[in-house]
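# Understanding the architecture of this molecule
Listed below, chain by chain, are the residues.
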Amino acid sequence: MPVLRKRRLWAGVAMAAVALSFAGTGQASAADTNNAKNAGFESGLTNWTCTAGSGTTVSSPVHSGASALKGTPAGQDNAQCTQSVAVKPNSTYTLSAWVQGGYSYLGVTGTGTTDVSTWTPDTSSWKQLSTTFTTGASTTSVSVYTHGWYGQAAYYADDISVYGPDGGGGGDPAPTVPAAPTGVSVSSTTSSSVSLAWSTVSGATGYNVYRNGTKITAVTGTSATVTGLAASTSYSFQVTATNSAGESGKSATVTGTTTATGGNGGGSLPKHAVTGYWQNFNNGATVQKLSAVSSQYDIIAVAFADATTTPGAVSFTLDSAGLGGYTVDQFKADIAAKHAAGKKVVISIGGQNGTISVSDSASAANFANSVYSLMQTYGFDGVDIDLENGINATYMTQALRSLSSKAGSSLIITMAPQTIDMQSTSNAYFQTALNIKDILTVVNMQYYNSGTMLGCDGKVYGQGSVDFITALACIQLQGGLAPSQVGLGLPASTSAAGSGYVSPSIVNNALDCLTAGTNCGTFKPSKTYPDLRGAMTWSTNWDAAAGSSWSNSVGAHVHALP
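So, a few notes on the structure that sits alongside this text. (Residues numbered from 1 in each chain as written. Predicted model: local features only at pLDDT ≥ 70, side-chain atom pairs only at ≥ 80, totals over all residues. Heavy atoms only, no water.)

To continue, consider the overall build of the protein chain. Each helix and strand in the protein chain was counted, giving eight helices and 31 strands. Viewed in the frame of its principal axes, the protein chain has a C-alpha envelope of about 75 × 50 × 50 Å. For the protein chain, the proportion of its 562 residues judged to be buried stands at 53%. In the protein chain, 75% of the contacts between residues at least 6 apart in sequence involve partners at least 24 apart. Accessible surface, the protein chain as shown: approximately 20900 Å² in total, 50% of it carbon and sulfur. Taking the average location of the 24 positive side-chain charges in the protein chain and that of its 27 negative ones, the two points are 7 Å from each other. (Helix = DSSP H or I, 4+ residues; strand = E, 2+ residues; numbered from the N terminus. Buried < 20%, exposed > 50% of the residue type's maximum accessible area, 1.4 Å probe, protein only. Contact = heavy atoms within 4.5 Å. Areas by Shrake-Rupley, 256 points an atom, 1.4 Å probe, with all protein chains shown as cover. Lys, Arg positive; Asp, Glu negative; His and termini not counted. Charge placed at Lys NZ, Arg CZ, Asp CG, Glu CD.)

This is the structure we're talking about:
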């Protein structure tokens, strides 16, 4: 949420288009090979040189094998790692790499013709970059590089390839068919899906999943969720590992049985609901006990859980001193009282300082186990995902499905992405929401602290207007979320956010526009969404500091929607 958060800088990065010339003897042949050495970083940084000590090798995440490169930009250094690669003159090569994490660049210099590069913004899962270059008449070596971007997060690179005629410098040995996966298990089930996880296979670049003997999907990570299944039905699953050399044998068979019932997560919530974040700290807003939170709020998100030294795991410590001596026993009793009043209380994960990372199966399991432990200890009804420093769709999905299997159908799952996170279904946050659609309660996107964004009509809108809210909500509504899973997140006062505050009347107009087609601005949705879930605010404390004007107006309006 705002105030506590430092927003990511989404500066536009411009790159010139490169015209590629494919003259010469550059056609691929049976003798073509990967000319890069230590392409998968299995031998550490051997054959690679990284600026200012910015590069290292890590065991997770990896695209294949046991290691990958991690480059960490710092100050004026962009973490460039370089290798000199032997090539043949007058030849065409395909340069490719798998990348993940922060802004990632791949390029080549010294070609003797046109040097080329390609890039991608931050990505939470492995993505392949690829480009092509042609060597000059006297070129016998080129410099291949990867790097990140100044001030951005670390990037990861793996399986770099300079594929083309053998330059004579020697490359890595040809891959062999990987072994069959082990450790295949069912991590969670719903009435229509089964989630699987397995151990990494050395040398594998991908995995195939089989249901009842038939291949149904291919993935690059070590987990998959099989959807579209019948309720109360048992299915058998096997997994194979793949790379350029071929496909392994099938793993041992595991059986997954779907549950009897399903549907959107959330237990007994009203059709239209209001979410408010409650601050477990004092930052100048009204200090509250949970008992003082307005009855207009149907879901109260306790902000925030804390990271621990165990990857993926979280904890929670009540700030008793900062909250005027509020005790844990009083806190638990107030949660129970909110339950008796028909309200839900969830623990929020993230915030500006939220450093929780769920990036592999182990951290996913730690996340699910620790959140479930907090639910049992304090009586939380579920979890809110408010991670503003990146999210891995594969493993966050795995974590939330594991939590669902522990907590059952009454689990509340809310999300509070930034506007940039929901511009496209390819974004990791949007992917995660769609992956867990059958157990997701609501996505309350933050329509504030934002730059201009595209609406579903392709036009650019600035924050602070009905049009900004409705045109961006339209992306989620058209992108696959149910109307009941879409909420409008706005700040409770001008003090609650750095920018983007709108009066409660603007929020109410946006609700009317989306649900009934009235009180719209210049943007009018192509259809109405009468089941829209409602609205969210940061925070109940700032709302109280402003005389509860937000909850009294927006809360009453939400609950009066038909």
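Okay, the environment of Asp329 next. Within the secondary structure, Asp329 is located in helix α1 (residues 328-340). Measuring from C-alpha to C-alpha, the distance between Asp329 and Tyr378 comes to 9.2 Å, with 49 residues separating the pair along the chain.

A few words on unusual backbone geometry. At the junction of Ala303 and Phe304, the peptide bond is cis and its omega measures out at 5 degrees in the coordinates. With respect to the helices and strands, Phe304 occurs in the loop between β21 (299-303) and β22 (306-307).

Another point: the state of the cysteines. All chains considered together, the criterion is met by three disulfides. Sulfur-sulfur distance for the disulfide between Cys50 and Cys81 comes to 2.1 Å. Given an S-S torsion of about 115 degrees, the disulfide between Cys50 and Cys81 has right-handed geometry. You can see Cys50 sitting in strand β2 (residues 49-50) and its partner Cys81 sitting in strand β5 (residues 81-86), a full 31 residues away along the chain. Accessibility assignment for this pair places Cys50 and Cys81 in one class, buried. With its sulfur 2.1 Å from that of its partner, Cys456 forms a disulfide with Cys474. Handedness of the Cys456-Cys474 disulfide follows from its S-S torsion of about 90 degrees: it is right-handed. One end of the pair, Cys456, is in the loop between β28 (453-454) and β29 (460-461); the other, Cys474, is in helix α5 (residues 466-478), with 18 residues separating them in the sequence. A residue is classified by how much of its surface remains accessible, and Cys456, at 26% relative accessible area, is partly exposed. What connects to what in the protein chain, once the bonded cysteines are numbered by sequence position, is 1-2, 3-4, 5-6. (Disulfide = S-S within 2.5 Å.)

Pairing between side chains becomes possible if they bear opposite charge and their charged atoms approach one another. One pass over the structure, following the stated rule, counts three salt bridges. Asp298 is the salt-bridge partner of Lys343, the closest N and O atoms lying 3.6 Å from each other. Within this pair, whereas Lys343 is found in the loop between α1 and β24 (344-351), its partner Asp298 is found in the loop between β20 (273-279) and β21, the two being separated by 45 residues in sequence. Asp298 shares its class with Lys343; the two are buried. With a shortest N-O distance of 2.6 Å, Arg401 and Asp438 are connected by a salt bridge. Here Asp438 lies in the loop between α4 (428-435) and β27 (442-446) and Arg401 lies in helix α3 (residues 393-407), a separation of 37 residues in the sequence. (Salt bridge = Lys/Arg side-chain N within 4 Å of Asp/Glu carboxyl O.)

This part takes up the sheet that holds strand β8 (residues 116-120). With antiparallel pairing, the five strands of this open sheet are ordered in space as β2-β5-β10-β7-β8. The outermost strands of the open sheet, each flanked by one partner alone, are β2 and β8. Two strands pair when backbone bridges link them, and β5 and strand β10 (residues 141-147) are joined in this way by six bridges, in the antiparallel orientation. Across the sheet, Gln83 pairs through a bridge with Val144, a residue of β10. (Pairing = 2+ DSSP bridges.)

All right, on to α1 then. Helix length check: α1 (13 residues) gives 18 Å between terminal C-alpha atoms against 18 Å at 1.5 Å per residue, within 8%. If you check which residues of α1 are buried, you get Phe331, Asp334, Ile335 and Lys338. When α1 is viewed along its axis, its buried side chains cluster within an angular range of 105 degrees and face the same direction. In α1, the exposed positions angled more than 90 degrees off the buried face are occupied by Asp329 and Ala340. One or two positions beyond α1, positive phi appears at Gly342, with a value near 85 degrees. (Expected span 1.5 Å × (residues − 1). Arc of directions from axis to C-beta.)

Let us now look at the environment of Ala393. Along the chain, Ala393 falls in helix α3. Separated by 177 residues in the primary sequence, Ala393 and Ile216 place their C-alpha atoms 20 Å from one another. Look past the residues within four positions of Ala393 in its chain and what remains in contact with it is Ser124, Ala428, Gln431, Thr432 and Asn435.

Before going further, it helps to spend a moment on the packing of aromatic side chains. Inspection of every chain in the model, using the stated rule, returns 22 aromatic pairs. Taken together, a centroid distance of 5.7 Å and an interplanar angle of 45 degrees make the contact between Tyr277 and Trp538 tilted. Taken as a pair, Tyr277 in strand β20 and Trp538 in strand β31 (residues 534-538) lie far apart in primary sequence, 261 residues in all. As far as burial versus exposure is concerned, Tyr277 and Trp538 are alike and both buried. (Phe/Tyr/Trp six-rings, centres within 6.5 Å; stacked < 30°, edge-to-face > 60°.)

Inspection of the secondary structure puts Thr120 in strand β8. At a separation of 2.9 Å, a polar atom in the side chain of Thr120 contacts the side chain of Lys127. Ignoring sequence-local partners within four residues, the contact set of Thr120 consists of Val99, Tyr103, Ser104, Lys127 and Leu129. (Polar contact = N/O pair within 3.5 Å; in protein donor to acceptor, adjacent residues only side chain to side chain.)

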